[in-house]
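Residue-level structure breakdown
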Amino acid sequence: MALPNGETTQEFEMATQSAQWDEGKAAKRSGATDSDNPYEAGSQQSADWLSGFTFDEPEQNVDRPEPGEG
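Now for a look at the structure at hand. (Residues numbered from 1 in each chain as written. Predicted model: local features only at pLDDT ≥ 70, side-chain atom pairs only at ≥ 80, totals over all residues. Heavy atoms only, no water.)

Where helix 3 (residues 44-53) is concerned, the buried positions are S46, W49, G52 and F53. Along helix 3, the residues classed as buried sweep out an arc of 125 degrees about the axis, all on the same side. Packing partners of the buried residues in helix 3 comprise helix 2 (19-29). (Buried < 20%, exposed > 50% of the residue type's maximum accessible area, 1.4 Å probe, protein only. Helix = DSSP H or I, 4+ residues; strand = E, 2+ residues; numbered from the N terminus. Arc of directions from axis to C-beta. Contact = heavy atoms within 4.5 Å.)

So this is what it looks like as structure tokens:
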């Protein structure tokens, strides 16, 4: 898939983040915990905030178990 304006995948993803994603990222950097998420559980805003909060954590592999996980 071609990205607009010759952007790389990472640049494109960063340009499409929401304000809540930015808030979550800032919260993580300020030492907040994930329970400090100010948005209603189950809402898109809450999911976006959590995505920003966990921006620097490796994505968990949910489709294939790691060796030894059964």
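So that's the structure; there's more coming.
Here we take up the pattern of salt bridges. Per the stated rule, a full pass over the model turns up two salt bridges. Measuring nitrogen to oxygen at the nearest pair gives 3.1 Å for the salt bridge that ties D56 to K28. With a gap of 28 residues between them, D56 in the segment after helix 3 and K28 in helix 2 connect regions that are remote in the sequence. Among the salt bridges present, the one from E57 reaches K28, with a minimum N-O distance of 2.7 Å. With a gap of 29 residues between them, E57 in the segment after helix 3 and K28 in helix 2 connect regions that are remote in the sequence. (Salt bridge = Lys/Arg side-chain N within 4 Å of Asp/Glu carboxyl O.)

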